[in-house]
Amino acid sequence: SNHTLLLVDGFQITRDGGRFFEYDQLPLDNLDRVEALRGPSSALYGSDAIGGVLNFVTRRGEGPGTARLTVEGGTFTTSRAVAELFGGDDKVGYAMSVSRFEQADGQFDHSDFTNLTFSGRVDYRLGEHTTVKLISRYSSSFQETPFNSGGTLTAPEQEGTREDDSLLLGFELTQWVGEVVEVK
């Protein structure tokens, strides 16, 4: 993933070419599609896109208002719960989700992992040629690891932990000025 630019709805979420991005911090809840641009794209996106671009596009709310709750469980005391709310019409659309993933007894001692994520998107049509899009994404995770940075197994009383919090807020105003030209 070195030098791959990562975007959520067109907003950059990495600043180092994706080198240190942890993909476990980006749950796929409320995701519509992933757009991939292979190969060097630095002329369009800057030096972070030497290896390509991945754009994670969140779902636009459509149809009647719907609420959904999903609960899952698995081995290693793994659980996942997702609450979603989405809907919309030609004028406004909304899609929001809150999820929690937890693995309490991992394959190794001191390998617990917890992730809490909120994702939201609201689209509003101001006029015939003008739209507003608001997106938000918050992720908080906690991970224990039985390995130190050198890759060797440490004694249980010396396990490492990592806590990450990330917040993305985005606002986009789109004005169509002709049949082919779009200004953002």
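Residues numbered from 1 in each chain as written. Predicted model: local features only at pLDDT ≥ 70, side-chain atom pairs only at ≥ 80, totals over all residues. Heavy atoms only, no water.

With respect to the side chain of Thr174
- In this fold, Thr174 is placed in strand E10 (residues 160-176).
- Taking the relative accessible area as the measure of exposure, Thr174 reaches 4% and is therefore buried. (Helix = DSSP H or I, 4+ residues; strand = E, 2+ residues; numbered from the N terminus. Buried < 20%, exposed > 50% of the residue type's maximum accessible area, 1.4 Å probe, protein only.)

A closer look at the environment of Val57
- Structurally, Val57 can be placed in strand E4 (residues 52-58).
- In this structure the C-alpha to C-alpha distance between Val57 and Glu35, which are 22 residues apart in sequence, comes to 7.5 Å.
- Setting aside residues no more than four positions away along its own chain, Val57 makes contact with Asp9, Leu31, Asp32, Arg33, Glu35 and Arg121. (Contact = heavy atoms within 4.5 Å.)

Details of a nonpolar patch on the surface
- Side chains of Leu85, Met96, Val122, Tyr124, Leu126, Leu134, Phe171 and Leu173 sit close together on the surface and give an oily, nonpolar patch of about 690 Å² of accessible area.
- Inspection of the secondary structure assignment puts Tyr124 in strand E8 (residues 113-125).
- On the accessibility criterion, Tyr124 (36% relative accessible area) is partly exposed. (Patch = residues over 30% accessible without salt bridge, like charges linked within 9 Å, V, L, I, M, F, W, Y side chains within 5 Å. Areas by Shrake-Rupley, 256 points an atom, 1.4 Å probe, with all protein chains shown as cover. Salt bridge = Lys/Arg side-chain N within 4 Å of Asp/Glu carboxyl O.)

Structural notes on unusual backbone geometry
- Although it is not a glycine, Asp9 adopts a positive phi angle of roughly 55°.
- Summarising the element assignment, Asp9 is placed in the loop between strand E1 (4-8) and strand E2 (11-12).
- Residues other than glycine seldom take positive phi values, yet Phe76 does so here, at roughly 60°.

Description of the sheet that holds E4
- In space, the 4 strands of this open sheet follow the order E2-E1-E4-E3, with mixed pairing throughout. Among the strands making up the open sheet, the edge pair consists of E2 and strand E3 (31-38).
- Examined bridge by bridge, E1 and E4 share 5 bridges and lie parallel to one another. Of the residues in E4, the one forming a bridge with Leu6 is Leu54. (Pairing = 2+ DSSP bridges.)

Overview of the packing of aromatic side chains
- Under the defined criterion, the tally for this structure stands at 1 aromatic pair.
- Centroid distance Phe101 to Phe113: 6.0 Å. Interplanar angle 55°. Geometry classified as tilted. Within this pair, whereas Phe101 is found in strand E7 (residues 92-103), its partner Phe113 is found in strand E8, the two being separated by 12 residues in sequence.
- The buried category is assigned to Phe113, whose relative accessible area is 10%.
- Taking NZ or CZ as reference, Arg59 lies 4.4 Å from the ring centre of Phe86, over its face. (Phe/Tyr/Trp six-rings, centres within 6.5 Å; stacked < 30°, edge-to-face > 60°. Lys NZ or Arg CZ within 6 Å of the ring centre and 35° of its normal.)

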